[in-house]
Amino acid sequence: MAYYGKCVETVIEQLDRFRPEKDSAEQLLEAAAASLQTFGPQKQAFILEVLSGCLEYQKLLTVVVDAFYVRDGRLCLWADYNLFLVICYLATFQLEELGFQVFCNIVRSQPADKMRKFLRFFFNPLHLCSWIKDEWSLVYETAHVKSWTDPLLRWQPEVQELINQLEGASTTQPPLSKAKVTKPKKFNLTVPRPRAIPVPEPVPVVAKPRPVPRSTYQSPKEPQMLGMTKRYNRRKAEELLLRANLEEMRCAVPRARRDPPPQGTEKLRLGVPPRIRRTPKLTFYRPNEVPVKLNTAAVLREGALYQRQVEKELQRVDKLVDGAGDFSEFLEWQKKMLAKDREEQLAADACRRLQGKLSHEEAVLARQQLRRENRLKAQRKKEEMAELMQQCAERRLQEERSMKELVEQVTEGQKNIKVAQMKLLKGRRQTVQEVTEESQALLQRSAEAAREEQRRRCELISQLRALETQPVCKSKLVDLTQVPGHGLEGEMSLVELRERLALLKEAQQREEAERRDRIIQGKRAQSQELQKVLEQISLCRAAMGRSAALRWEEKKAAVQETPPQDQRVQELQRRIEEKAAERRKQAAQLQVPAPRVARPKPRAQLEAQHWLELERSRERRLRALQREGSACTPTHRLEAA
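Here the structure is a predicted model, which is why all the values come from computation and not from measurement.

When you look at the overall build of the chain in this model, what are you seeing that I'm missing?
Summing up its helical and strand segments, the chain has 19 helices and 0 strands in all. The burial tally for the chain puts 18% of its 641 residues in the buried class. Sequence-distant contacts, at least 24 apart, represent 75% of the contacts inside the chain between residues at least 6 apart. Accessible area of the chain: about 54800 Å², with a carbon and sulfur share of 55%.

The structure is reproduced here in structure tokens:
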């Protein structure tokens with residue numbers, strides 16, 4: 001018995017490893033034969049025969065096992081699916097060959113309760129003659145199905161005796177003995193001494209906390225200062241605008257052409273001709289708005305910096321007056337050397353650019369040569385493909401003829417199936433119609449009950465709302481001028497308290513206003529001093545900007561000078577012209593326009609190309625699925641009622 005149990009366990013392990021969507025049956029059998037080298041030849045042959053049979057008749061066996069899980073095996077584990085598959089195969093195809101005694105030994109080697117349920121379900125004559133036979137007939141011909149079900153009906157009495165024996169074995173099985181529970185023992189530890197009561201420590205005297213400052217409950221001063229500054233600036237801007245509108249500029253007073261000139265101007269015009277004065281290049285003026293935004297420390301630091309620079313410049317002028325030397329010769333030499341270095345750098349850049357163009361021309365020539373070779377290869381490939389396509393067309397015609405014959409055979413066999421399916425559908429439709437009529441009647445009754453309940457609730461709600469609308473007097477009269485009379489010191493009424501608080505608040509506001517005025521006067525004096533420093537800084541910055549602009553113009557004029565042609569540059573230009581002439585000559589031979597620099601495709605064109613490729617790949621996948629669907633035979637399984 002243990003011998004057969006070990007064989008069945010090995011077959012179940014191999015079936016658990018099988019994945020139909022990834023592995024094939026031949027690969028599984030080869031792997032199983034390689035792993036069974038340690039078993040005996042008889043045992044190895046039995047395992048391989050059962051395994052190949054389960055894989056070959058898997059469609060028939062899954063029909064029975066799936067129905068068993070739906071009806072009688074709801075409480076069985078899905079891990080035992082392959083066990084029932086093997087027992088079903090042995091009972092259907094190997095019972096005559098093995099003998100009933102060997103089959104009994106195989107069944108007894110497995111759990112008795114599971115085998116009893118499955119054998120009672122499978123060897124039921126009503127199941128074998130009705131739906132099992134019909135489902136198997138959808139996959140195989142009726143003659144083969146009858147040759148498989150008749151032996152099962154013959155062996156039904158012996159199998160029933162085996163089922164009764166399995167029931168007796170399950171009832172007489174001794175109950176499992178309970179394991180002895182471990183009882184814990186206490187540790188033999190020394191009992192700790194009781195703790196002594198500690199002496200109470202003296203309560204420390206806590207220092208009196210500071211009261212909360214009044215500024216915590218007061219609004220900050222910054223918003224008030226900002227509002228005052230805004231109002232001051234707005235008033236100043238309005239005054240400036242009014243003054244500008246009233247006092248126009250005297251040098252640009254508009255006057256019509258036909259208006260008579262004022263008296264006394266004709267004498268001046270005849271005596272002295274008008275003279276146009278030329279304004280100087282550098283005009284220093286005091287700006288109205290200083291374009292410098294710095295804090296106080298930065299303003300003072302920058303003012304001190306410019307002051308030191310002015311002192312250094314004055315010292316240098318004093319030294320020159322005393323007869324000190326000048327750096328003009330050194331600066332002129334330095335300028336010449338910089339110009340020479342700049343010319344060399346420009347020549348090197350020109351050489352590098354021309355070398356890039358030369359490498360581009362060589363790459364174009366190599367690309368044209370590669371295109372010529374690829375064209376010859378493509379021509380040879382097209383000839384080979386034409387031959388292959390002709391062979392494939394002939395083979396496809398033969399396959400189509402064979403497929404047409406097979407389709408005709410299948411359609412003849414499916415005519416009888418369609419008639420049976422129509423009868424089954426008519427019966428199911430009738431039962432569904434009866435059930436829907438009963439459910440509609442139940443729904444009508446429940447809707448009437450719900451309406452009655454809703455009506456009763458609405459009446460209760462209207463009664464409750466009527467009770468809530470009755471008036472209730474909740475007002476309480478309070479006299480704010482009355483003293484409570486609790487006998488406390490400083491007791492007063494609410495009106496007096498509010499009056500005293502208002503007086504205290506007015507006193508605090510007066511103190512804050514005086515303090516604010518003092519602060520504003522100090523800040524105004526400080527801002528005037530900073531304004532003077534800022535005006536000086538702006539003048540210095542303007543002068544430095546003009547000098548930097550002059551230096552930049554000189555540098556730009558020096559850079560724009562055309563450098564003399566170098567010998568290396570001329571040699572590279574000559575080689576580029578030769579390569580370009582050779583490229584044009586080869587392009588004319590190939591009758592292909594000269595290649596252009598690949599421009600990056602716009603985003604919309606790239607997206608359109610991407611979606612077109614995606615649609616083509618989906619069409620190819622759909623064609624492949626249609627071919628597979630037409631080649632495979634349809635499989636039907638039992639549906640749970």
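From this point, the narrative continues.
Can you walk me through the packing of aromatic side chains in this structure?
Taken as a whole and judged by the stated rule, the model has 20 aromatic pairs. Taking the centre distance of 5.4 Å and the plane angle of 90 degrees together, the rings of F68 and F118 count as edge-to-face. With a gap of 50 residues between them, F68 in helix α4 (residues 58–70) and F118 in helix α8 (residues 112–122) connect regions that are remote in the sequence. This pair shows no difference in class: F68 is buried, exactly as F118 is. Aromatic ring contacts, followed pair by pair, group F68, Y69, W78, Y81, F84, F118, F121, F122, F123 and W131 into a single cluster. Sitting over the face of the ring of Y232, R524 holds its NZ or CZ atom 5.5 Å from the ring centroid.

Which parts of the structure should I look at to understand the side chain of S538?
When you line up the elements, S538 lands in helix α17 (residues 494–559). Under the relative-accessibility criterion, S538 is labelled buried at 11%. Separated by 2.6 Å, the side chain of S538 and the backbone oxygen of E535 make a polar contact.

In this structure, what is going on with a nonpolar patch on the surface? I would like to understand it.
Where nonpolar side chains cluster on the molecular surface, the patch consists of V478, L480, L494, V495, L497 and L501 and spans about 500 Å² of accessible area. Structurally, V478 can be placed in the loop between α16 (328–468) and α17. Take V478: its relative accessible area is 63%, and that puts it in the exposed class.

What should I look at first to understand helix α15 (residues 296–322) in this one?
Along an α-helix, residues three or four positions apart point the same way, because every turn accommodates 3.6 residues. The end-to-end C-alpha distance of α15, which contains 27 residues, comes to 39 Å, matching closely the 39 Å that a straight helix rising 1.5 Å per residue would cover. Within α15, the full set of buried residues consists of A298, V299, E302, G303 and Y306. Once α15 finishes, G323 follows within two positions and takes phi at roughly 110 degrees, a positive value.

Can you help me understand the pattern of salt bridges in this one?
Pairing between side chains of opposite charge can happen when the charged atoms of each approach one another. For the structure shown, the criterion picks out 14 salt bridges. Measuring nitrogen to oxygen at the nearest pair gives 2.6 Å for the salt bridge that ties K114 to D80. Note that K114 is positioned in helix α8 and D80 in the loop between α4 and α5 (81–93), a separation of 34 residues in sequence. Residue class for K114 comes out partly exposed when judged on its relative accessible area of 26%. Among the ionic pairs, R352 bridges to D349, the shortest N-O distance being 2.9 Å.

Would you take a moment to explain the nonpolar core for this structure?
Of all hydrophobic cores here, the largest spans 61 residues; its most connected members are V86, L119, F122 and W136. Among the elements that take part in this core, α5 stands out by supplying 11 residues, more than any other. If near-sequence neighbours (up to four positions away) are discounted, F122 is found in contact with V64, C88, A91, T92, L128, I132, W136 and L152. With 7 residues, the next largest nonpolar core counts A350, L354, L358 and I576 among its residues.

What's the story with the packing of α4 against helix α10 (residues 131–139) in this structure? I'm lost.
The interhelical angle for the contact between α4 and α10, taken along N-to-C directions, is 150 degrees, at an axis separation of 10 Å. In terms of their interaxial angle, α4 and α10 are classed as roughly antiparallel. With respect to the hand of their crossing, α4 and α10 are arranged in right-handed fashion. Contacts between α4 and α10 pair K59, L60, V63, V64 and A67 from the former with W131, E135, W136 and V139 from the latter. When grouped by side-chain class, the residues that make up the contact of α4 with α10 number 7 nonpolar, no polar and 2 charged.

Would you mind going over the confidence of the model for the chain with me for this structure?
Where the model shows low pLDDT, its predicted coordinates should not be examined in detail. Across the chain, the average pLDDT comes to 77, with 83% of residues at 70 or higher. For the chain, helix α14 (residues 265–271) is the element with the lowest average pLDDT, namely 39, and α17 is the one with the highest, namely 87. pLDDT under 50 marks residues 249–292. Its contacts with residues more than four places away, or in other chains, come to 15 contacts.

About the cut-offs
- Residues numbered from 1 in each chain as written.
- Predicted model: local features only at pLDDT ≥ 70, side-chain atom pairs only at ≥ 80, totals over all residues.
- Heavy atoms only, no water.
- Helix = DSSP H or I, 4+ residues; strand = E, 2+ residues; numbered from the N terminus.
- Buried < 20%, exposed > 50% of the residue type's maximum accessible area, 1.4 Å probe, protein only.
- Contact = heavy atoms within 4.5 Å.
- Areas by Shrake-Rupley, 256 points an atom, 1.4 Å probe, with all protein chains shown as cover.
- Phe/Tyr/Trp six-rings, centres within 6.5 Å; stacked < 30°, edge-to-face > 60°.
- Lys NZ or Arg CZ within 6 Å of the ring centre and 35° of its normal.
- Polar contact = N/O pair within 3.5 Å; in protein donor to acceptor, adjacent residues only side chain to side chain.
- Patch = residues over 30% accessible without salt bridge, like charges linked within 9 Å, V, L, I, M, F, W, Y side chains within 5 Å.
- Salt bridge = Lys/Arg side-chain N within 4 Å of Asp/Glu carboxyl O.
- Expected span 1.5 Å × (residues − 1).
- Core = buried A, V, L, I, M, F, W, Y, C linked by side-chain atoms within 4.5 Å.
- Axes fitted to C-alpha atoms, helices over the stretch in contact; angles between N-to-C directions.
- Parallel < 35°, antiparallel > 145°, perpendicular 65-115°, else oblique.
- Left-handed = near helix turned anticlockwise from the far one by under 90°.
- Nonpolar A, V, L, I, M, F, W, Y, C, P; charged D, E, K, R; others polar.
- pLDDT = per-residue confidence, 0-100.

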